[in-house]
Each structure stands twice: as C-alpha cells, then as structure tokens.
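Fold and contact review
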Amino acid sequence: MVSSPSPSAAAASALFPAAEVAFDIRALSLWYGSFQALRDITLQIPARQVTALIGPSGCGKSSLLRCLNRLNELVPDVRIRGEVYFEGANIYAPDTDPVEVRRRIGMVFQKPNPFPKSIYDNVAWGPRINGYRGNLDELVERSLRRAALWDEVKDKLRQSGLALSGGQQQRLCIARALALEPDVILMDEPCSALDPIATYRIEGLISELKSQYTIVIVTHNMQQASRVSDYTAFMLAGEERVGELIEFAPTSQFFTKPRDKRSEDYITGRFG
Amino acid sequence: MITLPRPEVAAPRRLRARDLRRPLRRTLREWACELPLLVAALVSIFTTVGIVAVLAAETLAFFRLVPLGQFLTDTQWTPLFLEKHFGIVVLLSGTLLTTAIAMLVALPLGLLSAIYLSEYARPGVRRVLKPVLEILAGIPTVVYGYFALLFVTPLLQALIPGLAVFNALSAGIVMGIMILPLVSSMSEDAMAAVPRALREGAYALGATRFEVATQIVVPAALSGIVAAFILAVSRAIGETMIVAIAAGLSPTLTLNPLVPIETMTAYIVQVSQGDTPQGTLEYRTIFAVGTTLFMLTLALNIVSQWVLDRFREEYQ
Amino acid sequence: MSPPAASYSAPHLMRRRLRGRLFEWLALASTVVAIVVLALLLLDVLHDGLPRLSWSFLTNYPSRLAARAGIAPALVGSVALIVLTAALALPTGIAAAVWLEEYARRSWLTRVIEVNIANLAGVPSIIYGLLGLGLFVRALNLQRSLLAGALTMALLVLPIIILNTREALRAVPRSQREAAYALGATRSQVVWGVVVPAALPGIFTGIILALSRAIGETAPLIVVGAVAFIAFLPTSPLDPFTVLPIQIFNWVSRPQPAFHANAAAAILVLLVVLLSLNATAIVLRDRARRSLRW
C-alpha cells in the first residue's frame, strides 16, 4: 500500500498562493501511545473557503482536525511528528504555547456542548478569560448575530444555555467560537446530532460565514460535503488502520471526476 | 437569516513564531495556581505521617517501661491500679468478642438483604428500602449506644436471666445492626456488577431465582462480598461509643457474652475522660492500645483492598 | 432427543420452588429487621425524650439536677465546631481533589496520595483523636480547645470530602473541558471557570455528608479533651468546649433515669439537626441536577 504522500495531495500543494493558505500541513503523523492514527499527511487548506474532511469512520479525520488546534494534546501519551503552519507560523514549534494557538482558532463539536451558564456568559466567557477590554455586550450581540441566533435569544440572555433546543445550542456554540474573532473555525461533524431542519440552518450559516472565516469541516455525510464545501480532502484508514490522505481537490471536481480509484469507490458507495 | 453588511475583508493575518510563545506572566500565574493545590493534596500525607509519628513516639516510650513480651502475654489489664498489669490480650478479647457477635448479626443479615435488594425486590420496593438502610448508616453511634444500654439490654435481661447490665451481647447485636448497611450496600454493588447475561443464561436453563442468586450471582460477586466482610470486621474493631456505653469498662479476659468486658476503644475513652497527666505511664498506655488498634484495622483494610484487586472478576 | 421423562421428577421441582420461597422470605425478613430496629430505636428515643424537650432544655446549662440541666453549651459547641471544621476542611479538601483530578499526572506520587487517602478513610475515628491529642493538644500546645477539636475533625473528614469532590469532578463530561480549552483557556481557567462550577452540586453533597459525619462523632473529641461539664458558652477558638454527642454520652453513663431522659431529648435534637442537614443536601442535589441536565 502507498506509504508516501499520494500524488494528488502533493499536486495540491501548488494550488494556492502562500498568502491564501490558512493551514500548511507537512508530513504530519500522529500516534496515540503505540497506535499510529495518522501517517504523513501533507495538505494545504485554503483561506476563506470551506474545506471538508471526509472518509469512512475510523479514518482519522477528527484526529487530523484536532491537530490543527493542538486539542489532541489533552489525550495523554500523544505524539506528533511533522509541521503545521498556521498563517505562516509552525504551531508545533518547540516553544509554541497551545493556548495561544487555540485562542486564534475556533472549534465546534459534534454534540453541542454549551457551558451550564447563561447564554450571555457562554459567549462572553472566552473573551473574558483572554483579557478582552472592549464592550462585552456589543461583542456578545455581534457574535450571536453572526451565528444567526440573536433574534431568538435577545430577550433571554440570562437564561441557561442548556435550555435551548439542540440546533440553537449548536448555534450558541458557534457564537461562542466566533466571539474570539478567530480567522478559522474548525467543525467536527457539527450537524450529526441535529435534526434535518437544524442541519439545514447550520449549513446555511456555514455558507454565510465563509466570506469572513476559513472553515474546516469534518463530515461523514457525503451529500453534506458536496453541498457545503469548496474543497474536499478524502481520507482512508489503510493497512494497520493508519489514516492517510488519499485525495484533495475542489469539491465539484472531486465528486464528478475523482482522480483516485479509492475515491471513486467511496463516492459510489462501494464501501462506507 | 439576517446578514450583516460585509465589512472590508482584510487579507489573512500572517503570524510570527514569537506571537505564539507563552507569556511569562501566564506561566507564573499557572504555577501559582497549582502550588496551593499540591500543598493541599500533601496534607493527606501529613496526616498519615502525623498518626504514625504520634503513635510511634508514645508507644516506644511505653515499651521502654513495659517489655513487649509482657504486653503480649500477660493475662490481666490493670494499668490504673496499684499493681499494674499490661496484658493487651484482655482488651483484645473484649474487642474480638463484641466483633464476633456483631459479625454474626451483620454478615448473614447484610448479605441476605443485599441478595433480596439485588435479585428479588421490585424497583419501587428498592427505592424505599435503600434510603432506609442509608439512614441506619447515618445515625451517630452514641445514639446506638443509648439504644443498646437502655432498650436492648433490659429486653435481653427479660429473656436471659443472669445477663449483666453491661455485657458484650447487647453491644454486639446493636453494633451488628449498625454495620449491616455497610455489608448490604457493598455486597449489593458487587452483585450489581455481575452481568445480566450470566443470570439470563442460568434462567434459560430452568433455574429458579433462588438457585440463580445463590449459585450463580453470589459466587460471581464473591470478591466484592468478601472484601465487604473484611471491611465490616475492621469497622467493628474500631467502633467506640456503642461498646463504651453498653459493654462495660471492666477489662476481663473471657468469652462469655453475658458479663461486662472492655474493648480497646472503650479503654482509650475511659482514660481520656479522666485527668491523666502527660508523660505518665497511664497516658502512654492509650497510645500503645491505639497502635495495636491501628495496626489491626490497617492490616484488615489492606487485605480487603487486596482481595478486591486480586480477585476482581473481569467481565467484558 | 428429549431426556426420558422418568429422569426429572415433578416433586423435585416443587421442593425447589418451596426452598426458593422460603429463602425469599428469609431475605426479605433480613432486610426488614434493619427497618424494624430503626423504627424501634426512633420510637424508643421519642418516647423517652419527647416529654423532656422544651425551650428551657435548649437554653439551660448542665446541672447536677437532671430536671434543670440543658444543652446550651453543647449545642453551641457543636455548631461552632462544625463551622470551624468546615472552614478548615473544605478549602483543603476541594483543593486536594482538584489537584488530584485535574492537574496530577499518573506518577508514583499521585498513586501514593490516592492509596493514602483510601486508607485514611478506613482508620477508626478514635485514632484521629489520638493524633489530635498528641499533635494539636500537646505538641502545638493548643490544649483542650475548640481549635484543637476542629483541626482533629478537619483531618477526619478530609478523606470524605476529597473522595466525593473527585467523583463530582469526574462526572463533568470531557466535552466541557474540550470546549473550554478550544477557546484558548489555560488549565486553571478551565478548572475554575468551567469544571468546578459544573461539579458544584456534587461537591455540596459531599460537604454535607462530611459535616453530618462530623456532627455525630464522639470518640475523637473525648480523646482531644472535650468534657461535658462546661458551664459557659465558648467565645473563642481557644476556649474549652463540649458537643452534643459528648453531652449525650455523659448523661447516658449516669445511673439515674432522669438523666437518661435528658440524653434521649438531646438525641432528638441531634437527629433533627442531622435530618435537616441531609434534607438540605438532597434538595440542593436535586435542584442542581435539574439545572445541569447533562
């Protein structure tokens, strides 16, 4: 089986001018203890576009996503090799502080996880602990507006965030991430715990947000990937169940004329 | 959906490596936050060190005056009399007598009630019975002492002629009732951990509930039940107020449950209530007895934990 | 091929059923015995003590005359002891639990501390009394004071608070921590801003359990020197003191039935205090569970 970066991935690194690259991932490998989860991932993620990471479950897409904001390090015994350049700086350089990295990158999780605080405090907590000096009320309102939640909650900002519906909670989590005014938002299957209507609203929100933010979204739903994303990265767990990058291409091209046979098999449902 | 007018979209930021370095202020603050927590965690070590140090110091001073051999083999305990004897066996017999009686009550009843709650009782019944058992466990032991002396003893005296006012039987029985909830809840936890599949396999073979409970579940939960039993013994040995109130303060080397005795714990209370000046031999005796008590219960607790760890049944 | 009918006899099955029924009754009876004893105990105490309960009983001082004796110093002493114990044990216990659960990496030190705490939880309470006597009363020369008693009780309940707080912290889902870290929070910000507030109900329950245990303790306080005949209310932590359980113990140990009635009345007061504490704990825990709603 292929163990070096696949040709289609290497070709992609020439796709984008340097200024338009949000993440430049070079030969990234990841181990949980002795189990290798990712092998030699090389990929460039374009700025202010939606990039989808897809693949069957267990292929390492969530692990890759969490490498982008160094959230993987919460797991003990984790080992990383390779480099990830975020806006030009290697976030895995030896003296880099993960806290500084995460301040600049927002994340939304699979199951909505608002804090058991008020809606206001959910959004305000991030800026507060990072020493925000400006007008918090304005920031909260702006973030809730950008997450398309303001009109529904503006009269009940003091209510608990847990009192909202699933879709509203997820939008609250998006507002919470937006409050830190990051350039990038990472989304780990943000709709998989939601009903179709809530999913539809969030997908619409993603289209709105991409004009200002780089979005990387992990999804196991191919239709969602083709609806929502501009670029698609397809991953597979190869031999020894190690995740590898198989193909990276503009979404329309990926789903109509995939270059790799494995991509084609996946798209046509020969395995899932 | 509301859209804000789009602001001027600036080119993406370029970061430099030093933008991502941790500010010194934050490193110091984090460390300053962690230090007091670590100190607090070390307090528990300090407690153990303190216990060992205090016990050892006074006990060693005691053994400088009273040879260990005499402590272990003398058959009288009269440190407060003119003619002093220091046979720990006397107090040990009191402790073991009350403990044995308590275990005769607590172990069978505790295990049976655990089996009932785990295998027989309907959820509604369980929901009522379990809190009641918890209440039993929460009653202060001095209240049990009152109950033993002023209710149980007169009752038993009517049934057993010749029963002294202070005796090991009443105290032991009441202590057993007090320990029952501990045995019951620990055994029940052990039985709850037995997977349903095991029971269902037996039922499918046509076993009755009694057979499943006694021949499948209890053996499968045995390590937890044995650990519970050992802990119960440890608890009984360390119990003070019930025996201090109802079992008597007369050190007697006997196995007769109908006469007054004195346990190790009751002796410590007895001497503490008086005015024993520091540094005297009498003062040191309570530490010598305390050390014996401590080593006994520590050994039992360690064995109980070892049983749990070593023999814990692994269910996938 | 089904087994020949003659190998399985119907009366055998009936005997098994019968044995099963008998056992069920036996097991139920064992459970009920505990409840019956509890009921007997409460009824006995109520019968003996209720007539003796009165306002003057609550406000009088101990006396050689049973009819005039009261529990004022004991009641005040119990409350003062609990407050002081809480002030000492709560911050320490919560801090220790937070360190063990949120900061410590698996190492020999953490293992030693954990085993140590588990062992301490099983040490008889009278041993803590001996520790208090040797260390606080004598070595630190606090004498038989409220402070010495509170320090002793604080060490006694510390393992309970630590174990309960750790469980409460463990119950906070990992996703909460991940969300907080993803916002660029440092560990202390995650712990004190998100995890501990979310674990607060469980922590409260642990606190109340620990304090309930402390209120009912007698033996360690006797050893530390709380005596029963205190003629005044303690005004400073260095004053001598007494507590309800010791007063009860003292009265029960007297031969006169009148003092036994006093003891029963004091027991009722103690049980009421305990009951209110536990009821508060349950209410707090339920309300918090409702507002958290994982």
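Residues numbered from 1 in each chain as written. Chains lettered and ligands numbered in written order. Predicted model: local features only at pLDDT ≥ 70, side-chain atom pairs only at ≥ 80, totals over all residues.

Things to note about the domain arrangement of chain B
Residues and elements named next belong to chain B. When cut into domains, chain B gives domain 1 (18–64) and domain 2 (72–311). Centre-to-centre, using C-alpha coordinates, domain 1 lies 35 Å away from domain 2. Taken together, the contact pairs 5 residues of domain 1 with 7 residues of domain 2. Here the residues of the side of domain 1 that touches domain 2 sort into 3 nonpolar, 1 polar and 1 charged. (Domains from an automatic or database assignment. Contact = placed C-beta atoms within 7 Å. Nonpolar A, V, L, I, M, F, W, Y, C, P; charged D, E, K, R; others polar.)

Notes on the interface of chain C and chain A
Counting residues at the interface gives 17 residues for chain C, matched by 19 residues for chain A. Elements with a minimum of two residues in the side of chain C that touches chain A: α7 (174–182), α8 (187–216) and α11 (257–292) of chain C. Looking at which element gives the most residues to the side of chain C that touches chain A, the answer is α7 of chain C, with 6 residues. Split into classes, the residues belonging to the side of chain C that touches chain A amount to 8 nonpolar, 7 polar and 2 charged. (Helix = DSSP H or I, 4+ residues; strand = E, 2+ residues; numbered from the N terminus.)

A look at helix α4 (residues 108–121) of chain C
The first and last C-alpha atoms of α4 of chain C sit 20 Å apart over 14 residues, in line with the 20 Å expected at 1.5 Å per residue. Where the residues of α4 of chain C are buried, they touch α1 (24–65) of chain B together with α3 (72–103) and α6 (146–170) of chain C. (Expected span 1.5 Å × (residues − 1).)

A short note on the interface of chain B and chain C
Counting residues at the interface gives 66 residues for chain B and 61 residues for chain C. A total of 19 residues in the side of chain B that touches chain C trace back to one element, the largest contributor, which is α1 of chain B. Its residues assigned to classes, the side of chain B that touches chain C shows 42 nonpolar, 19 polar and 5 charged.

Thoughts on the nonpolar core
The biggest cluster of nonpolar side chains holds 272 residues, and the ones touching the most others in it are Tyr146, Val174, Ala232 and Ile242 of chain B together with Ile248 and Ile267 of chain C. Per-element tally for this core: the top contributor is helix α3 (residues 88–120) of chain B, with 18 residues. When neighbours within four sequence positions are excluded, Ile267 of chain C is seen to be in contact with Val143 and Tyr146 of chain B together with Val45, Gly49 and Ile248 of chain C. (Core = buried A, V, L, I, M, F, W, Y, C linked by C-beta atoms within 7 Å. Buried ≥ 20, exposed ≤ 12 C-beta atoms within 10 Å, placed from the backbone.)

Thoughts on the domain arrangement of chain C
Residue and element names in this part refer to chain C. Per the domain assignment, the segments making up chain C are domain 1 (6–52) and domain 2 (57–291). For domain 1 versus domain 2, the separation of C-alpha centres amounts to 36 Å. The interface of domain 1 with domain 2 comprises 6 residues on the first partner and 8 residues on the second. The residue inventory of the side of domain 1 that touches domain 2, partitioned by class, reads 3 nonpolar, 1 polar and 2 charged.

Thoughts on the pairing of strand β2 (residues 35–46) of chain A
Residues and elements named next belong to chain A. Counting buried residues in β2 gives 9 out of 12 residues, a clear majority hidden from the surface. Relative to β2, strand β1 (residues 21–32) runs antiparallel, the two sharing 8 bridges. Bridged to Leu28 within β2 is Ile41. Hairpin connection between β1 and β2: a loop of 2 residues separates the two successive antiparallel strands, and Gly33 in this loop has a positive phi of roughly 65°. (Pairing = 2+ DSSP bridges.)

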